[in-house]
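# Chains, contacts and geometry: an overview
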Amino acid sequence: MLSLLHIENIAVIECADISFDNGFNIIGEKAEKSHIEGYGNVTHAPVSHVGGQYNTVEETASFADVTGVGHNVSGTKAFVRGTGHNVSGGSDSVFGWKHRVSGDYQTVIGKKNVDDPTKAVIVGGGNENQPDDLARRNIYTLDWSGNGYFAGDVTLDLVSQFNQVKSVMNKKWPDTKY
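Now for a look at the structure at hand. (Residues numbered from 1 in each chain as written. Predicted model: local features only at pLDDT ≥ 70, side-chain atom pairs only at ≥ 80, totals over all residues. Heavy atoms only, no water.)

## Topic: the overall build of the protein
- When helices and strands are counted, the protein shows two helices and 17 strands.
- In terms of principal-axis extent, the alpha carbons of the protein reach across some 100 × 40 × 30 Å.
- Taken over 178 residues, the protein has a buried fraction of 30%.
- The long-range share in the protein, meaning contacts at least 24 apart out of those at least 6 apart in sequence, stands at 7%.
- On the protein, roughly 10,900 Å² of surface is accessible, and the fraction owed to carbon and sulfur atoms is 54%.
- Here the protein contributes 15 positive and 21 negative side-chain charges, whose respective centroids are spaced 16 Å apart. (Helix = DSSP H or I, 4+ residues; strand = E, 2+ residues; numbered from the N terminus. Buried < 20%, exposed > 50% of the residue type's maximum accessible area, 1.4 Å probe, protein only. Contact = heavy atoms within 4.5 Å. Areas by Shrake-Rupley, 256 points an atom, 1.4 Å probe, with all protein chains shown as cover. Lys, Arg positive; Asp, Glu negative; His and termini not counted. Charge placed at Lys NZ, Arg CZ, Asp CG, Glu CD.)

## Here we look at the sheet that holds strand 6 (residues 49–53)
- Read from one edge of the open sheet, nine strands run 4-6-8-10-12-14-15-16-17, paired in mixed fashion. Both outer strands of the open sheet, strand 4 (35–36) and strand 17 (148–150), are each paired with one neighbouring strand and no more.
- In the sheet, strand 8 (residues 65–69) pairs with strand 10 (residues 79–83) via five bridges, with the strands oriented parallel. Within strand 10, the position partnered with Gly 68 by the bridge is Gly 82. (Pairing = 2+ DSSP bridges.)

## Some details on the nonpolar core
- In terms of nonpolar packing, the biggest core is built from 15 residues, with Val 57, Ala 61, Val 66, Val 73, Val 80 and Val 87 touching the most fellow members.
- Ignoring anything within four residues of it in the chain, the contact list for Val 57 reads Val 42, Thr 43, His 44, Ala 45, Val 50, Ala 64, Val 66 and Val 73. (Core = buried A, V, L, I, M, F, W, Y, C linked by side-chain atoms within 4.5 Å.)

## A closer look at the pairing of strand 2 (residues 13–19)
- Bridge count between strand 1 (residues 4–10) and strand 2: six bridges; the pairing is antiparallel. Across the sheet, residue Leu 5 finds its bridge partner in strand 2, namely Ile 18.
- Here strand 1 folds back onto strand 2, and the loop between the two strands holds two residues, one of which, Ala 11, carries a positive phi near 50°.

## Considering the packing of aromatic side chains
- Applying the stated criterion to the full structure yields three aromatic pairs.
- A centroid spacing of 5.6 Å and a plane angle of 85° characterise the contact between Tyr 39 and Tyr 54, whose relative ring orientation is edge-to-face. Remark: Tyr 54 occurs in the loop between strand 6 and strand 7 (56–57) and Tyr 39 occurs in the loop between strand 4 and strand 5 (42–43); sequence separation between them is 15 residues.
- Overall, the relative accessible area of 25% leaves Tyr 39 in the partly exposed class. (Phe/Tyr/Trp six-rings, centres within 6.5 Å; stacked < 30°, edge-to-face > 60°.)

## Quick notes on a nonpolar patch on the surface
- Taken together, Phe 150, Val 154, Leu 156 and Leu 158 make up a surface patch of nonpolar side chains, about 440 Å² in accessible area.
- Looking at the secondary structure, you find Phe 150 in strand 17.
- Take Phe 150: its relative accessible area is 51%, and that puts it in the exposed class. (Patch = residues over 30% accessible without salt bridge, like charges linked within 9 Å, V, L, I, M, F, W, Y side chains within 5 Å. Salt bridge = Lys/Arg side-chain N within 4 Å of Asp/Glu carboxyl O.)

## A few points about the pairing of strand 6
- Two elements, strand 4 and strand 6, share two bridges in a ladder whose sense is parallel. Residue pairing for strand 6: Ile 36 is matched across the bridge by Val 50.

## Considering the environment of Ser 19
- Turning to its location among the elements, Ser 19 is positioned in strand 2.
- By relative accessible area, Ser 19 is classed as partly exposed at 47%.
- In this structure the C-alpha to C-alpha distance between Ser 19 and Leu 4, which are 15 residues apart in sequence, comes to 4.5 Å.

## What about the pattern of salt bridges?
- Inspection of every chain in the model, using the stated rule, returns two salt bridges.
- Between Arg 81 and Asp 65 there is a salt bridge, and its shortest N-O distance comes to 3.3 Å. Of this pair, Arg 81 sits in strand 10 while Asp 65 sits in strand 8; the two residues are 16 residues apart in sequence, bridging distant segments of the chain.
- Here Arg 81 falls in the partly exposed class, since its relative accessible area comes to 24%.

Quick look at the structure:
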């Protein structure tokens with residue numbers, strides 16, 4: 001990362017030192033109409049927004065909106081927030097911590113998911129204290145047919161639902177007690 005630029009004997013500049021205390025952002029030549037803020041960010045993608053720290057947005061990630069820390073984004077139209085995501089799918093929305101996303105049109109939240117491009121929604125529930133290859137886990141996924149998959153038990157409060165139905169029926173037919 002560029003932290004100091006020393007210029008000497010150029011045009012009317014005899015000597016100049018330019019310090020970049022917080023780092024330096026880089027906008028590549030194909031990153032036209034892109035906006036970059038924060039420090040240590042790099043974008044080569046046209047029409048993108050990058051903010052935060054140490055994010056890299058590849059040329060293929062046009063129309064990306066990336067904010068946070070340490071993301072690597074190569075998918076188009078990605079909306080990325082949080083820390084440390086690797087996003088290569090298109091039109092993804094990613095929130096949380098250290099996700100891997102390679103499918104298109106996915107929404108991924110939580111932390112450290114197992115990448116599965118066949119799912120529409122993934123809730124990651126990985127362990128941040130384990131090495132990356134052991135830490136990844138999905139606690140909920142939803143496929144493109146609407147089928148949900150839970151890693152744990154699903155609990156339904158049937159008594160409460162029954163009482164709500166009973167109350168409606170008693171109001172509609174007050175002479176009959178259910």
